[in-house]
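What the coordinates show
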Amino acid sequence: MEKPSNLLLKVARRLFKDSEEQAKFIDALVNPQPFLPCILWCQDQPEISPFSVETPLAWQPKFVDRLHLGEKPGQYSLHQQGYFYCLDFSSVFSASSLLTIKQSVPLVFDMCAAPGGKSIFAWKALKPDLLISNEVIGKRLGMLISNLKRCQIKPAGVVHRDSSIFAEMFPESSNLVIVDAPCTGQSLLAKGEKAPGCFHPTSINKSANRQKRIIANSAQVVAPQGYLAYMTCTYSPEENEQVCEWFLERFPDFQAVEVSHLSAYQSDLTDIPCYRMFPQYGLGAGAFTVLFKNTTEGEGKKIDIETISPMCKYLNMTSIFN
């Protein structure tokens, strides 16, 4: 076994009290093992699946399949035809918090959308009247637009603005805002990828400060009685539980919602109902998720499609908006 860095050891001790669990976590990052491929069905599933499928977990959405190890779904013609989207099962874990939402969700706003997995999950699970997917990093826009096009996600628009612009232009308008926050990407190590400096305190603090700015702007876009979903693919408490605690102190009208189907994954690091998947579980590289509700009473403000259309880099609407 490769010797773990002191910074990794420090994070492991903060995350787990049990030394055996610390060792399992470290081993999952230092000696990464392959995870099962996973797909999200965007269109109706064929009567006979071309894949060898694993038995679903109790909380796994019906439109998601985990495939046997060695399956390469991206090579099938169904992929090119937009029948499904390939994603890490950790992303399914994070986005599954949205399944707790039982009310209608006319408008979904995905603030950090590329490459599109959370947007597509929300569209499939909640069937909004309009999905707006934002990506602030220009070089990631093409990937996002390509995936939404291929998977025939509509009605949907792709925009390219900083979160502060939407807080100013469209306050209290969205029934759900998703913040899949940019982070240090520590879970990349569990996939065998590189993430230089991901455990360094300077990188962690820089990410945490950026996350706080984005979630604060995003909260202003949430309509009364609407939801804000916050998620990351990293492990540091500063980027996860501590962001949630900071957020609730500054936005007291929001409260965290219990996600009952994820209760077994409840974080031990806070009293806030938030949930973690770790790589040693063997399901995915790792994820953190929490769902907040805006308890404010009142009516949300409407987004005029004529106002947002000029901002869109891509727009795929249906007749109800024409």
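Definitions and limits used
Residues numbered from 1 in each chain as written. Predicted model: local features only at pLDDT ≥ 70, side-chain atom pairs only at ≥ 80, totals over all residues. Heavy atoms only, no water. Helix = DSSP H or I, 4+ residues; strand = E, 2+ residues; numbered from the N terminus. Rg over C-alpha atoms; globule rule 2.2 N^0.38 Å. Buried < 20%, exposed > 50% of the residue type's maximum accessible area, 1.4 Å probe, protein only. Contact = heavy atoms within 4.5 Å. Areas by Shrake-Rupley, 256 points an atom, 1.4 Å probe, with all protein chains shown as cover. Lys, Arg positive; Asp, Glu negative; His and termini not counted. Charge placed at Lys NZ, Arg CZ, Asp CG, Glu CD. Phe/Tyr/Trp six-rings, centres within 6.5 Å; stacked < 30°, edge-to-face > 60°. Lys NZ or Arg CZ within 6 Å of the ring centre and 35° of its normal. UniProt positions renumbered as here; feature names shortened; annotations may be inferred. Pairing = 2+ DSSP bridges. Axes fitted to C-alpha atoms, helices over the stretch in contact; angles between N-to-C directions.

Looking at the overall build of the protein
A count of helices and strands for the protein gives 10 helices and 12 strands. Computed over the C-alpha atoms, the radius of gyration of the protein is 19 Å, within 12% of the 20 Å expected from 2.2 N^0.38 for a compact globule of 322 residues. Projected onto its principal axes, the C-alpha positions of the protein cover 60 × 50 × 35 Å. Residues counted as buried form 56% of the 322 residues belonging to the protein. For the protein, long-range pairs separated by at least 24 residues make up 75% of all intrachain contacts whose partners lie at least 6 apart in sequence. For the protein, the exposed area adds up to about 14700 Å²; of that, 49% sits on carbon and sulfur atoms. The averaged location of the 32 negative side-chain charges in the protein is 5 Å from the averaged location of its 31 positive side-chain charges.

A short note on the packing of aromatic side chains
A complete count under the given rule lists 23 aromatic pairs for this structure. Relative to Phe292, the ring of Phe247 lies with its centre 4.8 Å away and its plane at 50 degrees, an arrangement referred to as tilted. Of the two residues, Phe247 is situated in helix α9 (residues 241-250) and Phe292 in strand β11 (residues 287-294); the sequence distance between them amounts to 45 residues. Taking relative accessible area as the criterion, Phe247 reaches 0% and is therefore assigned buried. Judged by centre distance (6.1 Å) and plane angle (55 degrees), the ring pair of Tyr265 and Tyr281 falls under tilted. Of this pair, Tyr265 sits in the loop between β9 (254-256) and β10 (275-277) while Tyr281 is found in the loop between β10 and β11, placing the two residues 16 residues apart along the sequence. Residue classification places Tyr265 among the buried positions, given a relative accessible area of 14%. Here the basic side chain of Arg66 rests over the ring of Phe89, its NZ or CZ set 5.4 Å away from the ring centre.

Focus on the UniProt feature "active site" (unreviewed entry) in the protein
In the numbering used here, UniProt assigns the feature "active site" (unreviewed entry) to Cys233. By secondary structure assignment, the location of Cys233 is in the loop between β8 (222-232) and α9. Discounting residues that sit within four places of it in the chain, Cys233 has contacts with Cys183, Gly185, Gln186, Ser187, Gly286 and Ala287.

Here's the deal with the pairing of strand β7 (residues 174-180)
Most of β7 is tucked away: six of the seven residues are buried. When strand β4 (residues 107-110) meets β7, the two strands line up parallel, connected through three bridges. Residue pairing in the sheet places Phe109 in a bridge with Val177 of β7. Pairing analysis gives six bridges linking β7 to β8, with the strands arranged parallel. When the bridges of β8 are listed, Asp180 appears paired with Met231.

Remarks on the sheet that holds strand β1 (residues 38-41)
The strand order β2-β1-β3 describes an open sheet built from three strands, whose pairing is antiparallel. Two strands bound the open sheet, and with one partner strand each, they are β2 (64-66) and β3 (84-86). Averaged over all pairs of adjacent strands, the angle between their axes in this sheet comes to 25 degrees, without regard to strand direction. For β1 and β3, the ladder comprises three bridges, and the chain directions are antiparallel. From the neighbouring strand, Ile39 faces β3, where its bridge partner is Cys86. Sitting on the sheet, helix α5 (residues 117-126) touches β1, β2 and β3, and the angle it makes with β1 is about 45 degrees.

Examining the side chain of Ser218
Note that Ser218 resides in helix α8 (residues 201-219). With relative accessibility at 0%, the residue Ser218 sits in the buried group. What Ser218 contacts, discounting residues up to four positions off in sequence, is Met111, Val177, Val179 and Leu228.

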